[in-house]
Each structure stands twice: as structure tokens, then as C-alpha cells.
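As a plain string of letters, each chain reads:
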Amino acid sequence: MRKFFGYLLSPVFYLSFGLMLAIFHPIQWICHKFFGYKAHKLSVDILNFFLTYSQLFLCNSISFRNNYKLPTDRPIIFAANHQSMYDIPALIWFLRKHHAKFISKIELTKGIPSISINLRLGGGANIDRKDNKQAIMEILKLGRRMKENNWSTVIFPEGTRAKDGKVKTFQFGGIATLLKAVPNAVVVPVAIENSWKIVRFGKFPLSTGNAIKWTVLQPIEPEGKSPNEITIEAENEIKQLLKQL
């Protein structure tokens, strides 16, 4: 039945999603060009509100849970499992007060309405996966911007999407590089549930009737711990919530 309704509702979802990307592309440019960072960020936040709740057209529910008082006076490294491209709009929207940035493939900075312009102007790190030196330098630059502006970063330590929802082994390189530039940052795991189910049948039809959840877990203070230990702890917290430990 999920697949059947997917055939009916996917066109509505894609129309809504694509329309928001098209509308906010020039809005972002105008905001950045004439009003600066704050206006551009506001336009990105509003865009990702609409992108997040466009899931309602697929009868997918949206749930974000945070039982912790996260600091606003220091940078945060959010470490999340990664299941689909639909993980990202909700993270931007729900973590908006923390100015969460992303580490993205440099290929995404061209050709995608709204998304590419945000990657170029939003302050994240755009890395060339074939050039390790460039990637490390970009992440270090992002770390310095985090320190200077009290921004945060969302990182996906798996390195790729888990298309079946099973959490892959976390790699510690990204967290280690960021902590080198921002040693006072706290690491906060975020567990993502059921996002993979949206694309279980591929790009068309999309799946319907899924309960998609984002859950903030126990923050990890880096003092006295190696990046490897921090990464393993974040991975285990996520696996425990997802009952995969």
C-alpha cells in the first residue's frame, strides 16, 4: 500500500519540493547580496522549514526530540547517522539557532537550485573527495569560522548513506580535524530514524506513511578523550537508540 500511494503522492511532493527550491533561489541571492549573512540565513531557514514539512504530502510524520539544554555560547559538532538526502532539511531547520553548517561534496555547489547557492554562500565546507589536502584545509577553515562566529557543524561520520537504515562504522577523521580547530566544541550525537524508508523503492515512487524522527542524544565533552573515543561513543549512542548496538 505504501508503494501504491507513493505513485499517487510522489508527484505532489516533488512539485512542492521543487517549487520551494525554485522560489528561494533568487530570494537567497537577494538576501545575501543586499542584506548580508543574517538575512541569507533566515531565507535558508524558512526554505528548509517548507522542505522538511513537504513530507506531509507523502503522509510521512516529522518528529524532532531534544531533551538537553544545548549550549549557545560555544560551537557544537553534531554527529548524525545518514540515511537519505531528506535528513538534511530538518537538521537545518531544527538546529537553526546553532547556525549549523555542513561538509559537502564540491560537486553539489553547482547546478542545484537553492541548494548550490546555499553551499557556496552559507559558510560550510565544500570538499573535493579526490584531494585529501584540499578537504582537510576546507574543514580546518570551517573550524576557524565556527570558533570566530560561534557556529556549529553537522557531520555524517559514516561517510555515505545507509540505504537500509543500518548504521555503518563511524570514521573519526572529520571530528578529529574539527576538534583540532575548535577544541572547545562539544560533540552532540543525533539519531535519525526511518528517513531511509522514504527512498526504499528508489526516487519513484517515494514511500508513504513513515514516522521520520530526529533525536538529540547525550552531549559528549571532548576533554580527556581522543577523537576516536568520542566518535565511538557517538556511534554507540545512536546505535543504542536505534536498537542496533
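Summarised in this report is the structure supplied together with it.

**Details of the pairing of strand 6 (residues 186-193)**
Taken across its eight residues, strand 6 has eight buried, putting it largely inside the fold. Residue alternation in strand 6 divides its side chains into two sets, Val186, Val188, Val190 and Ile192 and Val187, Pro189, Ala191 and Glu193, and both sets are buried. Judged from the five bridges that link them, strand 2 (residues 76-80) and strand 6 form a sheet pairing that is parallel. Bridge pairing in strand 6 links Ile76 to Val186. Examined bridge by bridge, strand 6 and strand 7 (residues 211-216) share four bridges and lie antiparallel to one another. In the strand pairing of strand 7, Val190 is matched with Val216.

**Re the sheet that holds strand 1 (residues 61-66)**
Where strands meet in a sheet, backbone hydrogen bonds hold them as pairs that are either parallel or antiparallel. Overall, mixed pairing links the seven strands, which are arranged 1-7-6-2-5-3-4 in an open sheet. Two strands bound the open sheet, and with one partner strand each, they are strand 1 and strand 4 (125-127). For this sheet, the mean inter-axis angle between neighbouring strands, taken without regard to orientation, is 20°. Looking at chain direction, strand 2 and strand 5 (residues 152-155) are connected through three bridges and run parallel.

**A word on the environment of Pro89**
Along the polypeptide, Pro89 turns up in helix 3 (residues 87-94). Here Pro89 falls in the buried class, since its relative accessible area comes to 7%. Here Pro89 is in contact with Asn48, Leu51 and Thr52, once residues within four sequence places are set aside.

**Concerning the packing of aromatic side chains**
In total, this model carries 14 aromatic pairs according to the counting rule given. Seen in terms of ring centroids, Phe13 and Tyr86 are 5.6 Å apart; in terms of plane orientation they differ by 75°. Their pairing is edge-to-face. Of this pair, Phe13 sits in helix 1 (residues 2-35) while Tyr86 sits in the loop between strand 2 and helix 3, and the two are 73 residues apart along the sequence. Both residues of the pair, Phe13 and Tyr86, count as buried. Here the aromatic rings of Trp29 and Phe34 are separated by 6.1 Å at their centres, their planes lie at 85°, and the arrangement is edge-to-face. Assessed through its relative accessible area of 58%, Phe34 is described here as exposed. These aromatic residues form a ring-pair network of at least three members: Phe24, Phe49, Phe50, Tyr53 and Trp93. Across from the ring centre of Trp151, 4.4 Å away, lies the NZ or CZ of Lys101, which sits over that ring. Looking at Arg200, its charged tip hangs above the ring of Trp196, at a distance of 5.8 Å from the centre.

**Points about the packing of helix 1 against helix 2 (residues 37-53)**
Where helix 1 meets helix 2, the axes come as close as 8 Å, and the angle between the chain directions of the two elements is 170°. In terms of orientation, helix 1 and helix 2 fall into the roughly antiparallel class. Residues Phe17, Met20, Leu21, Phe24, Ile27, Gln28, Cys31, His32 and Phe35 of helix 1 lie in contact with helix 2, whose contacting residues are Tyr37, Ala39, His40, Ser43, Val44, Ile46, Leu47, Phe50 and Leu51. When the residues that make up the contact of helix 1 with helix 2 are grouped by side-chain class, the tally is 14 nonpolar, four polar and no charged.

**Let's talk about the side chain of Ser10**
Note that Ser10 resides in helix 1. With residues up to four places along the chain from it excluded, the contact list for Ser10 reads Leu58, Phe204, Pro205 and Leu206.

**Section: helix 2**
For the α-helix, the turn length of 3.6 residues means that residues three or four positions removed from each other point alike. Helix length check: helix 2, at 17 residues, gives a terminal C-alpha distance of 24 Å against a target of 24 Å (1.5 Å per residue), a fit within 8%. Of the positions making up helix 2, those classed as buried are Ala39, His40, Lys41, Ser43, Val44, Asp45, Leu47, Asn48, Leu51 and Thr52. Buried-residue contacts for helix 2 involve helix 1, strand 1, helix 3 and helix 4 (115-121).

**Section: the nonpolar core**
Grouped together as the largest cluster of nonpolar side chains are 34 residues, with contacts concentrated most on Phe78, Leu91, Val154, Val188 and Trp214. Going through the elements one at a time, helix 1, helix 2, strand 2, helix 3, strand 3 (100-105), strand 6 and strand 7 are the ones with two or more residues in this core. Not counting residues up to four positions away in its chain, the partners in contact with Val154 are Phe78, Leu91, Leu95, Ala100, Lys101, Phe102 and Ile103.

**A word on unusual backbone geometry**
Here the amide bond leading from Phe204 into Pro205 is cis, since omega sits at -5°, within 30 degrees of zero. Turning to its location among the elements, Pro205 is positioned in the loop between helix 7 (195-198) and strand 7. Positive phi, close to 75°, is recorded for Asn194, a residue that is not glycine. Examined against the element boundaries, Asn194 turns out to sit in the loop between strand 6 and helix 7.

Procedures and definitions
Residues numbered from 1 in each chain as written. Predicted model: local features only at pLDDT ≥ 70, side-chain atom pairs only at ≥ 80, totals over all residues. Heavy atoms only, no water. Buried < 20%, exposed > 50% of the residue type's maximum accessible area, 1.4 Å probe, protein only. Helix = DSSP H or I, 4+ residues; strand = E, 2+ residues; numbered from the N terminus. Pairing = 2+ DSSP bridges. Axes fitted to C-alpha atoms, helices over the stretch in contact; angles between N-to-C directions. Contact = heavy atoms within 4.5 Å. Phe/Tyr/Trp six-rings, centres within 6.5 Å; stacked < 30°, edge-to-face > 60°. Lys NZ or Arg CZ within 6 Å of the ring centre and 35° of its normal. Parallel < 35°, antiparallel > 145°, perpendicular 65-115°, else oblique. Nonpolar A, V, L, I, M, F, W, Y, C, P; charged D, E, K, R; others polar. Expected span 1.5 Å × (residues − 1). Core = buried A, V, L, I, M, F, W, Y, C linked by side-chain atoms within 4.5 Å.

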